[in-house]
Amino acid sequence: MLVDKREISDYLKDYSSGNIKEGLKIGCRLDDYLRFKKGTFNMILGHDNTGKTYYRMWYYLVLAVKHNLRFCIWTGENKAGQIIRNLIKIYTGKDPAKMTLMQLYQYQEELGQWFDFVDNSKLYRYDELLDIFGSGGYNSCLIDPYTGLDRDYTHSANDEFLNATRQWVNETEIRIDVCNHPVSSAGRGGSVF
């Protein structure tokens, strides 16, 4: 089915009049390049141990505090406690190692209003994660890393994941971010700066 040309004309009219809603800002220069938009599917590519997860947690925390958004995180490489510890550090600007256990629990509770974590003690297929993500009233979810999923390592399996996830995002309007690593030969071949 072809798109009705009136739909394109209506969009252009709304754009010209300034009626297209902008993505959410976080209040810094990054807003010139990055906005939070619901129903988007984003791939984040980077070598191992370069801060992809830490950066996402910082960004999500800013969005949570400013816009009261909720996030569900699956990461096969980090325990939920490690991520909460990092979020506490970002949130307070203080070293969690110097906090009392009661303070840590208080911040865990406070951050829990915005963050849920999928247990990483088992491998998940992408469709299992999408079911979990769709059941909690989340604004955005993270799969980190894609290579940690229970999946086939074939081109067709990648296409299936991309197409199914794109369709899911379109239907639910929940944002999905997926961290991924380049092939290991890229790091060995001198591509790391």
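Here goes a summary of the coordinates provided. Just so we're clear, the structure is a prediction, and the values are computed from it rather than from any experiment.

### Here's the deal with the packing of helix α3 (residues 80-92) against helix α4 (residues 101-112)
A pair of packed helices is captured by two measures, namely the crossing angle of their axes and the spacing between those axes. The contact between α3 and α4 brings their axes to 10 Å, and the two run at 90°. Between α3 and α4, the interaxial angle falls into the category roughly perpendicular. Of the residues in α4, those in contact with I84, L87, I88, Y91 and T92 of α3 are L104, Y107, Q108, E110 and L111. In terms of residue class, the contact of α3 with α4 is built from 7 nonpolar, 2 polar and 1 charged.

### A short note on the pairing of strand β2 (residues 71-75)
With 5 of its 5 residues buried, β2 lies for the most part within the structure. What you see with β2 is no split at all: F71, I73 and T75 on one side and C72 and W74 on the other are buried throughout. Pairing of β2 with strand β3 (residues 115-117) involves 3 bridges; the strand directions are parallel. Residue pairing in the sheet places I73 in a bridge with F117 of β3. Sheet topology places β2 next to strand β4 (residues 140-144); 5 bridges connect them, and they run parallel.

### What about helix α1 (residues 5-17)?
The end-to-end C-alpha separation of α1 is 18 Å, in line with the 18 Å expected for 13 residues at 1.5 Å each. Phi for G18, located one or two positions after α1, is positive at around 80°.

### Observations concerning the pattern of salt bridges
Here the structure, examined in full by the defined rule, presents 9 salt bridges. For the salt bridge of K38 with E173, the shortest nitrogen-to-oxygen distance reads 3.3 Å. You can see K38 sitting in the loop between α1 and β1 (41-45) and its partner E173 sitting in the loop between α6 (155-172) and β5 (175-180), a full 135 residues away along the chain. Overall, the relative accessible area of 44% leaves E173 in the partly exposed class. A salt bridge links E128 to R125; the shortest N-O distance between them is 3.6 Å. Within this structure, K122, R125, D127 and E128 form a network of salt bridges that share partners.

The rules we used
Residues numbered from 1 in each chain as written. Predicted model: local features only at pLDDT ≥ 70, side-chain atom pairs only at ≥ 80, totals over all residues. Heavy atoms only, no water. Axes fitted to C-alpha atoms, helices over the stretch in contact; angles between N-to-C directions. Helix = DSSP H or I, 4+ residues; strand = E, 2+ residues; numbered from the N terminus. Parallel < 35°, antiparallel > 145°, perpendicular 65-115°, else oblique. Contact = heavy atoms within 4.5 Å. Nonpolar A, V, L, I, M, F, W, Y, C, P; charged D, E, K, R; others polar. Buried < 20%, exposed > 50% of the residue type's maximum accessible area, 1.4 Å probe, protein only. Pairing = 2+ DSSP bridges. Expected span 1.5 Å × (residues − 1). Salt bridge = Lys/Arg side-chain N within 4 Å of Asp/Glu carboxyl O.

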